[in-house]
Amino acid sequence: MKDDGNFQLRDQNFVVLWESYNHFTDTLVPGQALNLNNSLHSRQGEFNFSRGRFELCLQESGDVVLNRVSFPSNTNINAQFEAYYDSRTVDPYNKSANVGQKLIFDKYELYISKKNSSKFSIIGNRNETFLNDDFYYKATINYDGVFTLSYFPKYLKNVTSWLVAKTIPENMCSNDNFNNGKGVCGINSICNLRYDQRTMCTCLKGYSLIDSNNRYGGCKQNVQIICPSRHNVSHKDAYLMMRLSNIYWPKSEYKTCNSCTLEDCKDYCLQDCLCVLAFFNGSSCWKNNLPLLHGRKELTVRGTYFIKIDKTETPSSFSSEMDDQDNGKTKMKKVHETLIIVISIIFVISTLVGAIVFWKKHKKTESGVSIKSIVDKNLRIFTFKEITEITNNFREELGRGSCSIVYKGTIEADVCVAVKKLDKLFQDSDKEFQTEMNVIIETHHRNLVRLHGYCSEEQHRILVYELMSNGTLASFIFTPLKPSWNQRVWIIIGIARGLVYLHEECCTQIIHCDIKPQNILLDDDYNAKISDFGFAKLLLINQSHTKTGIRGTKGYVAPDWFRSAPITAKVDAYSFGVLLLEIICCRKNVEDDNVSEEKRILIDWAYDCYKAGRMDILLENDYEVVNDISKLEKFVIISIWCTQEDPSLRPPMKNVLLMLEGIVNVEIPPSPYLYSSSS
């Protein structure tokens, strides 16, 4: 086994008989080279290591191509499709006398080595800030066809998965070479781009996976429509046309109707048994029949798509996975669909709120009794002995706050948990415990931490949460290694969605009061989850504000706290604005050392850069973000709106989310300072 990972078999004269580097699978590592006509082949799925549908090949011509191939037949011959990446299209110096000889992955770069000793970089180069000896690297053609350069820090303990540096292509879902084929997701599927530029596939309403073990293998109708010999048979009685938001399909050659109205377009499909999809663009309408090819999520679609569904089906979400990716506008449309459910649980919530009020009006009884009276029955009640066992006598500490320490633990079925033990020495710790319990049982959202159970025995106050494998946001962004821009955007959107849920979608509005990087946790897929509700305030339905003492953390606390003004959800918007800038710049909001005076306070410096029209200088050497300057400018402007000293000027988090997702336009902000001469 050589130091570079190449495993060799040698004879007694040290002649190499066989080596692993010449037997390619789906991954190249530094030191490995691909010769002419060699290929990398993707696997079929995340846990299916047999040969999949995609390959990377160094062709006889010396060009690197990414192809979709059919699955191997009995003759062991693969049918190739049009390449969705070809190095000839991006290499202006590719001439016959200068053809490639090898695809080489050296220490920092993947490049084509040419006859004249020149090279053409495919992905990565030595000028990239993340490329150095502090990381491991690999280049993989994934099961969804995305070719990815990834890196893994050698010395950071809190990172548990590979990070994405660059991908080819940047957006697999929208690649034009799939328009006339099945696409990366197969037939009747929707392709959606994840935060790491990988793809996620979901089925339409009324459809399910052809192969339940292969999400990329396409979808089929749950109930097949049987058409008579004449397919122009009306489906008006049994079917309806459901509008699709932010979904795009390439135009079909099936049938087109010119000079149609919207209702004409829907009827046009309902009266055709073979039609399953209709598109209306304001003046014309085209129909599509099965199979539906290359559907994908897009934020802006010029026109409206409708899908034909059985009236017995509820026109709700396509799937839970699709719901998590929907934008704020789609969520608002679903409020009416959940109205019946909300009404049915109002009695339960009212009882819960009454219990909280009753507790506040009376002297504290034994804490264990009062807690049990309000806790959701689904939560597990741990004894202190059980807590000691699952934490191995509080052996592994994960972190600590002002009045609590968090330990790692394991409960049944090897489920890892974070055990938060409140310090008995703090006078308010029991109050914080009660607050966190009151809040957490009110909430359930993918961007909030999940509570497994609690312990309230004698003086012990302990909460048992799901363990977030990638630690806190602070440990992720405040390091020399900057996360990718797409990862940062994904985290920003996740935090905003969590706050919208707390402010808008709970029957009891919740103000977190302590939004900061240390209270944002990251799971295996770097989904952001808001935690630590110890300072939170609950508002009843008829309340809009509260009066309370100053809460939160220096640097993130809104000016409202210091003016004895009523506290509203706008204090969370202010903290989010500070946090937004920290995620963008990967630096703390206040720097004491090695920073000039003008840059010391981040929100002031960001506003100065905005006024000077030089927001690019906020991101020194962060070329990935500078290349997406329009989104950078939009996010900085949103942060200026959020950090207005006048709370009435701050947008509610619902509007902030819509601006982040590009659904609502971002207006020019005023000066954030109440007593500024420019305001």
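Residues numbered from 1 in each chain as written. Predicted model: local features only at pLDDT ≥ 70, side-chain atom pairs only at ≥ 80, totals over all residues. Heavy atoms only, no water.

Caption draft 1: Focus on the sheet that holds strand S8 (residues 85-86). Overall, antiparallel pairing links the four strands, which are arranged S5-S6-S7-S8 in an open sheet. Each of the sheet's edge strands pairs with one partner strand only, and the pair in question is strand S5 (39-43) and S8. Pairing of strand S7 (residues 64-68) with S8, which is carried by two bridges, proceeds in the antiparallel orientation. In the strand pairing of S8, valine 65 is matched with aspartate 86. (Pairing = 2+ DSSP bridges. Helix = DSSP H or I, 4+ residues; strand = E, 2+ residues; numbered from the N terminus.)

Caption draft 2: Highlighting the environment of aspartate 524. Turning to its location among the elements, aspartate 524 is positioned in the loop between strand S33 (520-522) and strand S34 (528-530). Given a relative accessible area of 52%, aspartate 524 falls into the exposed group. Between the alpha carbons of aspartate 524 and glycine 471 there is a distance of 9.5 Å; along the sequence they are 53 residues apart. With near-sequence residues (within four places) excluded, aspartate 524 lies in contact with Ser161, Ser469 and Asn470. (Buried < 20%, exposed > 50% of the residue type's maximum accessible area, 1.4 Å probe, protein only. Contact = heavy atoms within 4.5 Å.)

Caption draft 3: Examining the pattern of salt bridges more closely. Taken as a whole and judged by the stated rule, the model has eight salt bridges. For aspartate 144, the salt bridge is made with arginine 198, and the minimal N-O distance between the two is 3.0 Å. Taken together, the residues aspartate 144 in the loop between strand S12 (135-141) and strand S13 (147-153) and arginine 198 in the loop between strand S15 (189-193) and strand S16 (199-203) connect sequence positions 54 residues apart. Each member of the pair, aspartate 144 as well as arginine 198, is classed as buried. In this structure, lysine 266 engages glutamate 263 in a salt bridge whose closest nitrogen and oxygen atoms are separated by 3.3 Å. You can see lysine 266 and its partner glutamate 263 sitting in helix H1 (residues 262-270), three residues apart, about one turn around the helix. On the basis of relative accessible area, lysine 266 is assigned to the buried category, the value being 18%. The partly exposed category is assigned to glutamate 263, whose relative accessible area is 46%. (Salt bridge = Lys/Arg side-chain N within 4 Å of Asp/Glu carboxyl O.)

Caption draft 4: Broad picture of the state of the cysteines. A complete count under the given rule lists six disulfides for this structure. Covalent S-S linkage joins cysteine 203 and cysteine 219, the inter-sulfur distance amounting to 2.1 Å. Because the torsion about its S-S bond is -80°, the bridge between cysteine 203 and cysteine 219 counts as left-handed. In this pair, cysteine 203 is assigned in strand S16 and cysteine 219 in strand S18 (residues 219-221), connecting sequence segments 16 residues apart. Each of the two residues, cysteine 203 as well as cysteine 219, counts as buried. Residue pairing for cysteine 265: its cysteine sulfur links by disulfide to cysteine 285, the two sulfurs lying 2.1 Å apart. Where cysteine 265 bonds to cysteine 285 through sulfur, the torsion about that S-S bond is close to 70°, and the disulfide is right-handed. With cysteine 265 in helix H1 and cysteine 285 in strand S23 (residues 284-289), this pair connects stretches of sequence that are 20 residues apart. For the pair cysteine 265 and cysteine 285, a shared accessibility class is recorded, and that class is buried. (Disulfide = S-S within 2.5 Å.)

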